[in-house]
Amino acid sequence: MSDTRSRGARGARPRSGTVHIKQHNGPAYAILILGSAVMVFPLVWQVIVSLESTEESRSFPPVFWPAHPSLAAYTAVFEQLPIARQLLTSTLITVARTAGQLVFCSLAGYAFARLRFPGRNLMFGLFLSVLMVPGACFLIPQYQIIQSLHLVDTWQGVALPGLFSAFGTFLMRQFFAGLPRELEEAARLDGAGTIRTFAQIMLPLARPGLVALTILTVLWSWNDMLWPLIVTTGQSKMPISASLATLQGEHMTNYPLMMAGAVIAMLPMIVLFMVLQRQFIAGIAFQGTKG
Amino acid sequence: MTALTAAGLAGARVKGQPEPGGRPVGRRRATRFIESGWGWAFILPTAIGLGVFYIVPAFTTIWFSFSSWGAFGGHEFTGLDNYRHLVTDPDIGYALVNTLLYTLMLLCGIPLAIYLAALINREKLKGKGVFRTLYFLPVVTMPAAIAMVWRLIYNGQFGVLNYALSLVGIQGPFWLQDPRWALLSIGVIGVWSSLGYNMILFSAGLQAIPKELYEVAMIDGATRGQQFRHLTVPLLSPTIFFVTILTIINGFQVFDLIFLMAGRSNPAIDRVQTLVWLFYQDGFYSHNMGYGSVIAVLIFLLTAVFTAIQFSVQRKWVNYV
């Protein structure tokens, strides 16, 4: 019921059979297939090079399929880099940020959408203004706060500011505002308090919104690079994104190794996208229509 | 009475049930008071978090922009020194131009995204899902990871791109080291990685356009090109506006790709450094946080001005149905 908005656009389209539309889709296929090839090529190339030997990866003309495909680069990555630890760090940061945003943004979003309290519009305006300010304007003071909390070079330090989000609050507010009021009123008539109404009635209804927020937060957090680069300095403390960023120069000659590391770093998001495609797309579309 | 929300009214009634003889106005006021309490309680964590990590820091950055930092901490008020330095710093000039050029390149990706979204949304097209997946894949890739393969593709000696060009008899340049090509090469990656995202937004916009309009246009003999120009584009204009704003904001903040594709020692660094890249170099690499702050303020002003311009000209071309 709650995602009528995201599905409505597709579902409500009338299928008229009266007018026969003649379409020649041949050129469309040609363009789309060619385009797909360009879009996917870098990813495929990355996997191929990761299976090559170092000599093959540096030869000209390029080797398009290795003579002896080998996973040696993948085992080498685990030996030469604390990559398992970095993946764990990335996971911890992502889980913490996502959990924080789910709790805090849905609470605040619900309050802004449905509760009446003095200063509501002022506070909402203040929250929204955060969205207008580029990230660079926060980073130096944020770093100093993390420094004064002695959280430099820790995953907690990387995660902390991202537990809160003006964007997430706005997204959840829009979602709650679009839900029907009837169930909520019925719950209140039955004597449910604010917390129960929120947790037992509204939160389940807002599931698609929570899923969208989760996907967007996980994606942003996993791939985030600048802030982790600022907060962490040691390879063993870095999330995988910052580690790959700092390695670009050093090991750059060992292409299969670099590509193997990159494939490992990207795989979780690609798998997540493959599994939750519909939710990814609905989440982004929601942002476009209501954000 | 009219000022009450439905929820508040319902709450008042519930409260009223145990003691029907009480004064309704007083009870309503009490309910309102309780609701206010909950309202504040619900926003409190976010208010504190955003206050501490975003709202106060934004003002701190402005304050820092008037100060200078020693190498080992400690800063002093230096008035407009940073601002004076800013307007005479040639790096800032380069970075400003590069940031604008990069954003312009991203904007060029918007018509492409509309066109491809329109193709995918064609009625009888098969494999929509597959195409959507393939075009969206770059969006989920980690910039730090994907930059590696792009560097290899762009490699002047043994890159695939120059190999492809050599097949048609062209000797390709060292893309990332050549001042004429470096920014363009990075811009292509920017378009590549945002195309799928924009296509999803445009697809949603296209699906909201009633199909009857196209049928009517068809009967009136409008060609597909005419339909696209006179029907699709105007009806899609709110989405185009939204994507344009988003693209400009993202473009002005480009850092990852620049940092990853061009190192400090890159011979073409003048032609690729952007404002956020300079911000990072000055603020964190050189620990000159005062000057970093001034660059942050500049990025903010730039974003504010361009967003304001966008909103003021939108009335001329955006159709809200």
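Residues numbered from 1 in each chain as written. Chains lettered and ligands numbered in written order. Predicted model: local features only at pLDDT ≥ 70, side-chain atom pairs only at ≥ 80, totals over all residues. Heavy atoms only, no water.

Topic: the confidence of the model for chain A
Working step 1: Averaged over chain A, the pLDDT score is 88; the fraction of residues at 70 or greater is 89%.
Working step 2: Mean pLDDT across the elements of chain A ranges from a minimum in helix 1 (residues 4-11) of chain A, with 40, to a maximum in helix 8 (residues 155-159) of chain A, with 97. (pLDDT = per-residue confidence, 0-100. Helix = DSSP H or I, 4+ residues; strand = E, 2+ residues; numbered from the N terminus.)

Describing the interface of chain A and chain B
Working step 1: Listed by partner, the interface residues are 112 residues for chain A and 101 residues for chain B.
Working step 2: For the interface between chain A and chain B, the tally reads 15 residue pairs in polar contact (both at pLDDT 80 or more).
Working step 3: Per-element accounting of the side of chain A that touches chain B gives the leading share, 16 residues, to helix 2 (residues 26-50) of chain A.
Working step 4: Taken together, the residues of the side of chain A that touches chain B sort by class into 78 nonpolar, 26 polar and eight charged. (Contact = heavy atoms within 4.5 Å. Polar contact = N/O pair within 3.5 Å; in protein donor to acceptor, adjacent residues only side chain to side chain. Nonpolar A, V, L, I, M, F, W, Y, C, P; charged D, E, K, R; others polar.)

Some thoughts on the side chain of serine 67 of chain B
Residue and element names in this part refer to chain B.
Working step 1: Mapping serine 67 onto the fold places it in strand 1 (residues 67-69).
Working step 2: Separated by 2.8 Å, the side chain of serine 67 and the backbone oxygen of phenylalanine 64 make a polar contact.
Working step 3: Ignoring anything within four residues of it in the chain, the contact list for serine 67 reads His75, Glu76, Phe77, Thr78, Asn82 and Gly290.

Observations regarding helix 6 (residues 143-154) of chain B
All names here are of chain B.
Working step 1: Compared with the 16 Å implied by 1.5 Å per residue over 12 residues, the 16 Å span of helix 6 between its first and last C-alpha is a close match.
Working step 2: Judged by how many residues are buried, helix 6 sits mostly within the fold: 10 of 12 residues are covered.
Working step 3: Residues of helix 6 that are buried include every one of Ala144, Ala145, Ile146, Ala147, Met148, Val149, Trp150, Leu152, Ile153 and Tyr154, and no others. (Expected span 1.5 Å × (residues − 1). Buried < 20%, exposed > 50% of the residue type's maximum accessible area, 1.4 Å probe, protein only.)

Section: a nonpolar patch on the surface
Working step 1: On the surface, Leu100, Val305, Phe306, Ile309, Val313 and Trp317 of chain B cluster together to form a nonpolar patch covering roughly 450 Å² of accessible area.
Working step 2: Residue contributions to the nonpolar patch peak at five residues, all from helix 14 (residues 289-317) of chain B. (Patch = residues over 30% accessible without salt bridge, like charges linked within 9 Å, V, L, I, M, F, W, Y side chains within 5 Å. Areas by Shrake-Rupley, 256 points an atom, 1.4 Å probe, with all protein chains shown as cover. Salt bridge = Lys/Arg side-chain N within 4 Å of Asp/Glu carboxyl O.)

Focus on helix 2 of chain A
Working step 1: An ideal rise of 1.5 Å per residue puts 36 Å on 25 residues; helix 2 of chain A measures up with 36 Å between its terminal C-alpha atoms.
Working step 2: By the largest-angle criterion, valine 40 of chain A marks the main kink of helix 2 of chain A, which is about 45 degrees, and a proline, proline 42 of chain A, follows within four residues. (Bend = angle between axes of the 7 residues up to and from the residue.)

Some points on the pattern of salt bridges
Residues and elements named next belong to chain A.
Working step 1: Per the stated rule, a full pass over the model turns up five salt bridges over all chains.
Working step 2: Here arginine 114 ties to glutamate 184 by a salt bridge, and the two come within 2.4 Å at their closest N and O atoms. Separated by 70 residues along the polypeptide, arginine 114 in helix 5 (residues 83-114) and glutamate 184 in helix 10 (residues 182-189) bring together distant segments of the chain.
Working step 3: Classification of glutamate 184 by relative accessible area gives buried; the value is 3%.

Notes on the packing of aromatic side chains
Working step 1: Here the structure, examined in full by the defined rule, presents 38 aromatic pairs over all chains.
Working step 2: A ring pair is formed by phenylalanine 273 of chain A and phenylalanine 280 of chain A, whose centres lie 5.2 Å apart and whose planes are at 80 degrees; its orientation type is edge-to-face. This pair shows no difference in class: phenylalanine 273 of chain A is buried, exactly as phenylalanine 280 of chain A is.
Working step 3: Three or more aromatic residues joined by ring pairs form one cluster here, namely Phe112, Phe117, Phe124, Phe127 and Phe170 of chain A together with Trp40 of chain B. (Phe/Tyr/Trp six-rings, centres within 6.5 Å; stacked < 30°, edge-to-face > 60°.)

Thoughts on unusual backbone geometry
Leaving glycine aside, a negative phi is the common case for residues, and trans is the common case for peptide bonds.
Working step 1: Residue proline 61 of chain A is reached from phenylalanine 60 of chain A by a cis peptide bond, and omega for that bond is 0 degrees.
Working step 2: Topologically, proline 61 of chain A is positioned in the loop between helix 3 (54-57) and helix 4 (72-80).
Working step 3: Although it is not a glycine, histidine 150 of chain A adopts a positive phi angle of roughly 60 degrees.
Working step 4: Tracing the backbone shows histidine 150 of chain A in the loop between helix 7 (136-148) and helix 8.
Working step 5: A positive phi angle, close to 55 degrees, is found at histidine 287 of chain B, a residue other than glycine.
Working step 6: Following the sequence through the fold, histidine 287 of chain B ends up in the loop between helix 13 (275-285) and helix 14.

Focus on the packing of helix 5 (residues 128-140) of chain B against helix 8 (residues 182-207) of chain B
The description of two helices packed together rests on the angle between their axes and the distance between the axes.
Residue and element names in this part refer to chain B.
Working step 1: Viewed as axis vectors pointing N to C, helix 5 and helix 8 meet at an angle of 130 degrees, and their least axial separation amounts to 5 Å. In terms of orientation, helix 5 lies oblique with respect to helix 8. Where helix 5 crosses over helix 8, the handedness of that crossing is left-handed. Facing Arg132, Tyr135, Phe136, Pro138 and Val139 of helix 5, the residues of helix 8 in contact are Trp192, Ser193, Leu195, Gly196, Tyr197, Met199, Ile200 and Gln207.
Working step 2: Among the residues making up the contact of helix 5 with helix 8, the classes are represented as nine nonpolar, three polar and one charged. (Axes fitted to C-alpha atoms, helices over the stretch in contact; angles between N-to-C directions. Parallel < 35°, antiparallel > 145°, perpendicular 65-115°, else oblique. Left-handed = near helix turned anticlockwise from the far one by under 90°.)

Some words on the confidence of the model for chain B
Residue and element names in this part refer to chain B.
Working step 1: The predicted model of chain B averages 87 in pLDDT, with 90% of residues at 70 or higher.
Working step 2: Within chain B, helix 4 (residues 90-120) carries the highest mean pLDDT (95), whereas helix 1 (residues 6-16) carries the lowest (38).
Working step 3: Across residues 1-23 the pLDDT falls below 50, and counting only partners more than four positions away or on other chains, this stretch makes 30 contacts in the model.

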